[in-house]
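# Fold and geometry: a report
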Amino acid sequence: MKLPTLRAVGTEARLLLIGIPVLIWTMIPIYHLFLFSISPKEDAFSGKLWPAHPTLNNFSIVFGEKHYFLSHFWLQLWNSTVIAVAVGALTLFIATAAAFSISRLRVKGGRLIMNLALFTYFIPAAFLAVPMYRTMGIYGLLNNHWALILAMVTIASPYAIWVLKQASDKLPVELDEAATMDGATTLQLFRLVYVPLMMPSLVAVGTYALLLAWNEYLYAFLLLSKDTDITLPVALGNFLAADDSPWELLMTTGLIYALPPAAIYYAFKRYMVAGLTAGAVKS
């Protein structure tokens, strides 16, 4: 058995010295989020590492919509879910079709489309919020879920197209030629050859777009205003409007809202890593 060299041990020790503090620093906010969620209101700011009387009453209040700020909790959670799923599905459809056309069908102007898609990221998304608000107002889409869905698809699509195009370029052209010789139409080539081979990247891009819309606040705040239409992140911001904000309920709701994306990420973690790195290195 080969023993590790002194240099290897030193390298690993340095990595641990850096990694452990970073891990602790990252976990502290999450721990405090959990701590607030199981603390009674009077113990929320006690400064203790563990509440003297932990309780699940905060979860009961949130799930039962027993507070003014939580009167539409389930509806707002549903709004977030519908919008996130719609953004993920539309982004995936647009990006997949665009990447297939540019990479496999070699459509004219494909390189220009790719350059324009990447050029959009020279302008921060926050700077486009007011023009987007004006555009949605002109077309009568304000206070409509489609306003937020279309805005988030606009933001997510360029990166999604770029990732899928890079991954698509890695697929052997011989597969397309063989399928075409066997009589496959373009639609059959797309459905039976392209999509199955691109599945890891498709899952990664779809998950990316879904989580982007799930966590969005600025555009949701600007484009939606009714309590029955807003998403849960915007509703969480309303907690801060009160002089005596119920921080324990705010943190409990935040913890609940953070669980679905965490579950999605860990469920598709293997696809996320494989999909987002596809095409990063040329063979």
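Our structure is the block above this text.
Worth saying up front: this structure is predicted, and the values here are computed from it rather than measured. (Residues numbered from 1 in each chain as written. Predicted model: local features only at pLDDT ≥ 70, side-chain atom pairs only at ≥ 80, totals over all residues. Heavy atoms only, no water.)

A few words now on the nonpolar core. Counting 45 residues, the largest nonpolar core has Val 87, Leu 148 and Tyr 219 as its most contacted members. Looking at which element gives the most residues to this core, the answer is helix H6 (residues 145–168), with eight residues. Excluding its chain neighbours within four sequence positions, the residues that come into contact with Val 87 are Ile 149, Met 152, Val 153, Ala 209 and Ala 213. With 20 residues, the next largest nonpolar core counts Ile 102, Val 163, Leu 171 and Ala 179 among its residues. (Core = buried A, V, L, I, M, F, W, Y, C linked by side-chain atoms within 4.5 Å. Buried < 20%, exposed > 50% of the residue type's maximum accessible area, 1.4 Å probe, protein only. Helix = DSSP H or I, 4+ residues; strand = E, 2+ residues; numbered from the N terminus. Contact = heavy atoms within 4.5 Å.)

Relative to the helices and strands, Pro 200 is located in helix H9 (residues 199–214). Taking the relative accessible area as the measure of exposure, Pro 200 reaches 29% and is therefore partly exposed. For the pair Pro 200 and Ala 220, spaced 20 residues apart in sequence, the C-alpha to C-alpha distance is 29 Å.

In this fold, Asn 79 is placed in helix H3 (residues 73–103). Given a relative accessible area of 3%, Asn 79 falls into the buried group. Within the structure, Asn 79 has its side chain in polar contact with the backbone oxygen of Asp 229 (distance 3.4 Å). When neighbours within four sequence positions are excluded, Asn 79 is seen to be in contact with His 145, Thr 228, Asp 229, Ile 230 and Thr 231. (Polar contact = N/O pair within 3.5 Å; in protein donor to acceptor, adjacent residues only side chain to side chain.)

Moving on, we come to the pattern of salt bridges. If you walk through the whole model with that rule in mind, you get one salt bridge. Lys 165 is paired through a salt bridge with Asp 169; the nearest N and O atoms lie 2.8 Å apart. Since its relative accessible area comes to 18%, Lys 165 is described here as buried. Overall, Asp 169 belongs to the partly exposed group, its relative accessible area being 36%. (Salt bridge = Lys/Arg side-chain N within 4 Å of Asp/Glu carboxyl O.)

Moving on: the environment of Asp 176. Within the fold, Asp 176 resides in helix H7 (residues 173–181). Along the backbone, Asp 176 and Thr 186 are 10 residues apart, and their C-alpha atoms lie at a distance of 9.4 Å. Setting aside anything within four residues of it in sequence, one finds Asp 176 in contact with Arg 104, Leu 189 and Val 193.

In this section: helix H4 (residues 110–119). Those residues of H4 lying buried are Gly 110, Met 114 and Ala 117. One side of H4 carries all its buried residues, which in axial view fall inside an arc of 60°. In H4, the exposed positions angled more than 90 degrees off the buried face are occupied by Arg 111, Leu 112 and Phe 119. Structurally, H4 contributes buried residues whose contacts are with H3 and H6. (Arc of directions from axis to C-beta.)

Right, let's talk about a nonpolar patch on the surface for a bit. Together, Leu 16, Ile 20, Ile 24, Trp 25 and Ile 28 give the surface a local cluster of nonpolar side chains, amounting to about 540 Å² of exposed area. As for its position among the elements, Leu 16 is in helix H1 (residues 6–37). (Patch = residues over 30% accessible without salt bridge, like charges linked within 9 Å, V, L, I, M, F, W, Y side chains within 5 Å. Areas by Shrake-Rupley, 256 points an atom, 1.4 Å probe, with all protein chains shown as cover.)

This brings us to helix H5 (residues 129–138). Along H5, the positions that sit buried rather than exposed are Ala 129, Met 132 and Met 136. Projected down its long axis, H5 shows its buried positions confined to an angular sector of 60°, all on one face. Of the residues in H5, the exposed ones pointing more than 90 degrees away from the buried face are Val 130, Arg 134 and Ile 138. Contact partners of the buried residues in H5: H6 and helix H10 (218–223).

Moving on, we come to the packing of H3 against H6. The interhelical angle for the contact between H3 and H6, taken along N-to-C directions, is 40°, at an axis separation of 7 Å. Seen along the crossing, H3 lies across H6 with a hand that is right-handed. For the contact of H3 with H6, the per-class residue count stands at 18 nonpolar, seven polar and one charged. (Axes fitted to C-alpha atoms, helices over the stretch in contact; angles between N-to-C directions. Left-handed = near helix turned anticlockwise from the far one by under 90°. Nonpolar A, V, L, I, M, F, W, Y, C, P; charged D, E, K, R; others polar.)

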